[in-house]
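# Architecture and fold: a report
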Amino acid sequence: MPEGKTLEFKRDISSPKNIIKTLVAFANTAGGRLLIGVEDDTREVRGVENPLDEEERLCDIIADNIAPRLVPNVELMSVEDKTLLSVEVYPSGQRPHWVRKEGPDEGVYVRLGSTNRKADRELIAELKRTSAGTSFDELPLPDLSVEALDIVAAKELFKGKRDLGEREIVSLKMLTEAQGHLVPTIGGVLLFGKEREERFPDVWIQCGRFEGTTKSVIFDHIEIHEHLPIAVEQAIDFIKKHSMRGADLSQIKRRDVWSIPLDIVREAVINAIVHADYSQIGAPLRVAIYDDRVEIENPGILVPGMTVEDVKQGVSKIRNRVIARVFRELGLVEQWGSGVPRIFEEAEALQLPEPKIEEIGMRVRFTIYLKGSAIRPPYKGPSGDQVGTKWGPSRDQVGTMFELTTEHIKVLHACIEDSGILELMSVTERSNRTKFRNNVLVPLLSNDLIEMTIPEKPRSSKQKYRLTPKGRAFLAQEKKVKKE
């Protein structure tokens, strides 16, 4: 086996500093085994001279240099007539551990792949929370009031599933009591905060479609700043936009078949949202579409105590209990731990390459591989805007390529001039603002057919909507098709 998250080789104990860092990282992450007497490059078994003396010296090094005290299982083992020192460390309930000389702020390490990485302040806090059994998103925000949550949007999403009164919101832990009154939890704000990004500026989803198999050329992208349950559908709409649709006629009833496995991607997107470490600062969740794969990334390493193999087998440790609970109530999550194994099973059933889960830096990346050239290549219209496939849109594609309905078409025509949401609702004779936004505006925004006039303030009362160059090209094509 090669070195990895839970395995490391050392030739000897002549460099105790690196050994200490590795054992600290094992204890803080998912445990692991250090074998001394093996070349780490060639994995050649060299053995340890004077193994009893070296065992005693190693135990002294561990006792003197790690805090809080770590007691790993140290034993001698024979391989190829040579004696090795084996040090087995279990995930610690006293984490974070640190290198004593470096102190609790600078000496905490975690294991990423086969390397040890110094933990920053946010990760150290996460290690403490997981050790204490506390969820980041259950923590209260005592400086906010109930009005900080978009209760109207939450009730709309829960309609038909459960009544969402104050008691139910408290039971879902979106609100909690602090200092004698109800305040939002971090999870409540992450899910339905009216001004979420003022408190958590990196909690949004960045979606991009890249040409080829690298990030050198991007030809379509969106930023999703909606409430997290709604953001799932917007991300899937963007992915669907770049997937070709065919038909399975082998059954009595026609079934749509997409070149990107939407069910698999949907599970991966939901998994990323539910398990992201929102205490980390620096980058949003990301969905990147290439010709041969889709990559979904979320901030934060795996929950301490978890390995990639654990995740693949369905072992469940929930990082964000409030978000997970709400997603389950909304039917977005079926059963804890079942999503990832289902992804691998479905990929195998579709004869796709096995998906990959990996920790890259301080992020987790889920890669879903596609069959051949599964992605629709971009079609550049006269203005350079992507408006269909490389063969140009057909009559059917004008009406269905972006899943457009008559309502969508009416809104597009209304957006020839800047229009507010109430004007657009009157065009479609809709009265429910939330449903109109979710069912009509969001798909048009996700497909880059319309845009906001004040994008930096999505919920501004002065917000209006207008056609994008792609939207204008789309209407021009629709007009041409009608003439034909």
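As a starting point, this report considers the structure included with it. The shown structure was predicted, so the numbers you read here are calculated from the model rather than taken from an experiment.

## Thoughts on the sheet that holds strand β16 (residues 293–299)
- What the 6 strands build is an open sheet, ordered β12-β11-β15-β16-β18-β17; its pairing is mixed. Edge strands, defined here as strands with exactly one partner in the open sheet, are β12 (218–224) and β17 (356–360). Neighbour-to-neighbour, the strand axes of this sheet turn through a mean angle of 15°, independent of strand direction.
- Here strand β11 (residues 205–210) pairs with strand β15 (residues 285–289) via 5 bridges, running parallel. Each residue of the ladder has a partner; that of Arg209, found in β15, is Ile289.
- Along the sheet, helix α10 (residues 262–275) makes contact with β11, β15, β16 and β18 (363–369), crossing β16 at roughly 10°.

## Regarding the environment of Arg95
- Relative to the elements of secondary structure, Arg95 occurs in the loop between β5 (82–89) and β6 (98–99).
- Expressed as a C-alpha distance, the spacing of Arg95 and Ala67, which sit 28 residues apart in the sequence, is 9.5 Å.

## Overview of the nonpolar core
- With 67 residues, the main nonpolar core has Ile273, Tyr278 and Phe327 as its most contacted residues.
- Of the residues forming this core, the biggest block, 9 residues, is contributed by α10.
- In contact with Tyr278, other than residues within four places in its own chain, are Phe136, Leu190, Phe200, Val203, Leu228, Ile273, Leu285, Asn320 and Ile323.
- With 22 residues, the next largest nonpolar core counts Phe26, Leu70, Val89 and Val99 among its residues.

## Examining the pattern of salt bridges
- According to the stated counting rule, one finds 33 salt bridges in the structure shown.
- The salt bridge involving Arg196 is made with Glu197; its shortest N-O contact spans 3.8 Å.
- Arg293 is the partner of Asp292 in a salt bridge, and the nearest nitrogen-oxygen pair spans 2.9 Å.
- One salt-bridge network, in which partners are shared between bridges, spans Asp292, Arg293, Glu295, Glu297, Arg363 and Arg365.

## Looking at the packing of helix α1 (residues 16–28) against helix α2 (residues 51–65)
- At a minimum axis distance of 11 Å, the contact between α1 and α2 shows a crossing angle of 65°. In this view, α1 runs roughly perpendicular relative to α2, as classed from their interaxial angle. Of the two elements, α1 crosses α2, and the hand of that crossing is right-handed. Across from Pro16, Ile19, Ile20 and Leu23 in α1, the residues of α2 making contact are Leu58, Ile61, Ile62 and Asn65.

## Some details on the sheet that holds β5
- The mixed open sheet is built from 4 strands, whose spatial order is β1-β2-β5-β4. The two strands at the open ends of the sheet, each matched to only one other strand, are β1 (7–10) and β4 (73–79). Averaged over all pairs of adjacent strands, the angle between strand axes in this sheet comes to 25°, irrespective of strand direction.
- Across 7 bridges, the pairing between β4 and β5 is antiparallel. Looking at β5, one finds that Leu76 is bridged to Leu85.
- Taken strand by strand, α2 contacts β2 (32–36), β4 and β5, and its axis lies near 150° from that of β4.

Here is what the cut-offs are and how they apply
Residues numbered from 1 in each chain as written. Predicted model: local features only at pLDDT ≥ 70, side-chain atom pairs only at ≥ 80, totals over all residues. Heavy atoms only, no water. Pairing = 2+ DSSP bridges. Helix = DSSP H or I, 4+ residues; strand = E, 2+ residues; numbered from the N terminus. Axes fitted to C-alpha atoms, helices over the stretch in contact; angles between N-to-C directions. Contact = heavy atoms within 4.5 Å. Core = buried A, V, L, I, M, F, W, Y, C linked by side-chain atoms within 4.5 Å. Buried < 20%, exposed > 50% of the residue type's maximum accessible area, 1.4 Å probe, protein only. Salt bridge = Lys/Arg side-chain N within 4 Å of Asp/Glu carboxyl O. Parallel < 35°, antiparallel > 145°, perpendicular 65-115°, else oblique. Left-handed = near helix turned anticlockwise from the far one by under 90°.

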